[in-house]
Structures are given as structure tokens and as C-alpha cells.
Amino acid sequence: EVNFQNANLSKTDLRDVNFSLIKRINLKFVRFDEANLENANLSGLDLSNCSFVKANLKGANLENCNLNYADFAEANLEDTNLTGANLQGAVLEEDI
């Protein structure tokens, strides 16, 4: 298992990264604040309790993700795929 639990990936350039190719990856409680995740593929992953404050998620694929209690305050969610995502308790205050 690749364990990033509680990692701080703030301000990291992760454009076009396909996280879903990594088998058994733990991304719970990761801080992606102000990270660039444009067109990144995180589909099907458990991203519960992650922080995406002011992150760029334009065109990102979050299909079927567990996003329980994730914080998207001021994040760019333009064209982000949230189909089938579990958003219970998530903060979805988008930057306008």
C-alpha cells in the first residue's frame, strides 16, 4: 500500500496525474491546499477528510470518490466530474 495519509501536498503541481492507477493508495486526511490538480484522475479513491482549500481541480475526475468531510472552500471546481461521489459533510464553497 502506498500511504500518503496526513501528508501535506499543498501548493504541489499534480496536473494530469492519474492516481487511480496506483493500487491500494491511502490519501485520507491529505492536504491539497492550493495544489494544482487540473485534469488529475482521482476516480474511485477514498479522499475523506482531505483539504482542497483554494486548489485548482479544473477538469479533474473525482467520479465515485469518497469525499466525506472534504473541504473544497474557494476551490476551482470548473468541469470537475463528481458523478457518484459521496459528499456527505463536504464543504463546497467554490471560488467565483
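Here, every reference points to the structure presented above.
Please read all numbers here as calculations on a predicted model, not as lab measurements.

Engineer: Could you give an account of the environment of L14, naming the residues involved and the relevant values?
Structural biologist: As for its placement among the helices and strands, L14 is situated in the loop between β1 (2-3) and β2 (25-26). With relative accessibility at 13%, the residue L14 sits in the buried group. Along the sequence, L14 and N56 sit 42 residues apart, while their C-alpha atoms lie 9.8 Å from each other. What L14 contacts, discounting residues up to four positions off in sequence, is F19, F32, N36, L37 and A40.

Engineer: Residue-level account of the environment of F4, with values.
Structural biologist: As for its position among the elements, F4 is in the loop between β1 and β2. Not counting residues within four places of it along the chain, the set of residues in contact with F4 comprises I25, N26, L27 and V30.

Engineer: If you had to explain the pattern of salt bridges to someone new, which residues and values would you point to?
Structural biologist: Scanning all chains against the criterion turns up 4 salt bridges. D33 is the partner of R31 in a salt bridge, and the nearest nitrogen-oxygen pair spans 3.2 Å. Looking at D33, the relative accessible area reads 13%, which means it is buried. In this structure, E78 engages K58 in a salt bridge whose closest nitrogen and oxygen atoms are separated by 3.9 Å.

Reading the values: the criteria
Residues numbered from 1 in each chain as written. Predicted model: local features only at pLDDT ≥ 70, side-chain atom pairs only at ≥ 80, totals over all residues. Heavy atoms only, no water. Helix = DSSP H or I, 4+ residues; strand = E, 2+ residues; numbered from the N terminus. Buried < 20%, exposed > 50% of the residue type's maximum accessible area, 1.4 Å probe, protein only. Contact = heavy atoms within 4.5 Å. Salt bridge = Lys/Arg side-chain N within 4 Å of Asp/Glu carboxyl O.

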